[in-house]
Amino acid sequence: MPRTSKVLFLLLAAFMTVGLVGTSFDVAAQDKKDKKDKKNDKKDPKKEEKAEPKKEPFKPDPAQQEFKADEKEKAYWVTAVAFAADGKTVAADYRNRLAIIWDIDTKKSTQTLKSPEIKGLGEFKSLLYVKDQIYVGTSKLIKVVKAKEKDKAKDKDKAKDKEKEKDKTKEKIKEQPIREGEIKVWDAKTGKPGKSLIGHTDNIESLAISKDGKFIASASKDATAKIWDLATGKDIQTIKGHTDDVTSVSFSPDGKRVVTTSTDKTLRVWDIADAKEVANFKVERM
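All values derive from a computational prediction rather than experimental measurement.

Draft legend 1. Region of the structure containing the environment of Leu-98. Along the chain, Leu-98 turns up in strand 3 (residues 98-103). We classify Leu-98 as buried; its relative accessible area is 14%. Separated by 17 residues in sequence, Leu-98 and Ser-115 place their C-alpha atoms 7.6 Å apart. Beyond its immediate chain neighbours, meaning those up to four positions away, Leu-98 contacts Ala-92, Asp-93, Thr-112, Leu-113, Lys-114 and Phe-124.

Following this line, the structure appears as structure tokens:
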């Protein structure tokens with residue numbers, strides 16, 4: 001083969017080799033791209049939808065007015081609040097068993113209502129502000145009694161069989177507190193205590209006032225609700241039916257019915273006149 005032809009042949013072979021190598025790189029790159037595209041196509045569209053821009057943290061609107069106790073004193077939870085009829089003052093219950101009346105214009109307290117130091121005083125969880133009277137639901141400890149309680153204890157019978165167990169019944173002495181529900185009453189202007197409304201046998205969780213202002217409804221941990229006549233200070237009806245604590249109560253607009261809620265997972269509507277249940281709504285899930 002002439003030298004010129006040989007050189008041309010080598011050049012041609014070199015170009016073909018370079019072309020084949022380049023083609024291989026192109027194919028590999030294309031395959032890689034195709035696999036990446038397929039992977040992206042397989043992404044869960046739901047996850048793509050969830051990708052939302054980061055939200056700014058919630059910032060509550062500033063209060064127009066804020067009532068704070070003396071900064072030197074420890075702060076306590078507020079459990080209930082109510083306006084006076086004229087809208088000039090606000091009453092609040094606190095977890096340390098105080099009720100404070102605040103003047104809206106001056107932002108200062110006008111009365112601090114406090115019970116005598118009584119052992120076993122219940123929490124202040126409910127409050128009404130009616131005709132310059134403050135009503136607070138609570139309770140007090142009357143006494144602690146010792147009651148016998150049957151308790152099944154398992155005892156191994158080593159004599160017969162170490163692996164077998166038998167029930168052995170024995171009596172256990174347990175202390176049981178006896179409480180008395182109480183609706184405390186204060187004069188909002190003078191701060192002087194009035195006559196309490198007594199009737200429940202455990203702490204009062206909620207209070208409500210009828211539209212005409214003549215009756216109060218109370219809900220208690222003793223699983224009952226009561227209707228009170230403010231003119232006489234006596235309970236005129238006791239509503240029974242819940243199997244656990246009654247946590248809230250409210251009057252219907254016409255004052256003839258009340259609705260109650262309970263930790264027995266039911267909401268019930270009652271006719272006041274005969275304490276008859278007219279509706280029962282069960283909460284299937286918590």
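Past the structure itself, the notes keep going.
Draft legend 2. Seen up close, the packing of aromatic side chains. In the structure shown here, the tally under the stated rule is 2 aromatic pairs. Judged by centre distance (5.6 Å) and plane angle (35 degrees), the rings of Phe-67 and Trp-102 are tilted. With Phe-67 in the loop between helix 2 (45-50) and strand 1 (78-83) and Trp-102 in strand 3, the pair connects residues that are 35 residues apart, well separated along the chain. Classification of Trp-102 as buried rests on a relative accessible area of 4%. Aromatic pair Phe-124 and Trp-186: ring centres 6.4 Å apart, planes at 55 degrees, arrangement tilted. Pair noted here: Phe-124 is in the loop between strand 4 (108-114) and strand 5 (126-130) and Trp-186 is in strand 7 (residues 165-187), with a separation of 62 residues, a long-range link. Judged by relative accessible area, which is 4%, Trp-186 ranks as buried. Lying across the ring of Trp-77, Arg-95 places its NZ or CZ 4.2 Å from the centre.

Calculation notes
Counting from 1, residues in each chain are numbered in the order their sequence is written. Per-residue local features of the predicted model are confined to residues with pLDDT of at least 70, and side-chain atom pairs are confined, for both listing and counting, to 80 or more; whole-chain, interface and lining totals are unaffected and use all residues. Calculation of side-chain values draws on the structure's entire complement of heavy atoms; hydrogens and water are dropped beforehand. Helix and strand labels come from DSSP, where a helix needs a run of H or I of at least four residues and a strand needs a run of E of at least two; each type is numbered from the N terminus. Categorising residues by exposure relies on relative accessible area from a 1.4 Å probe, with only protein chains included: less than 20% of the type maximum marks a residue as buried, more than 50% marks it as exposed, and the intermediate range marks it as partly exposed. By definition, residues are in contact when any of their heavy atoms lie within 4.5 Å. When the centres of two rings from Phe, Tyr and Trp lie within 6.5 Å, Trp using its six-membered ring, the rings pair. Their planes under 30 degrees apart give stacked, over 60 give edge-to-face, and anything left gives tilted. In this analysis the charged atom, NZ for Lys or CZ for Arg, is taken to sit over a ring once it is within 6 Å of the ring centre and within 35 degrees of the ring normal.

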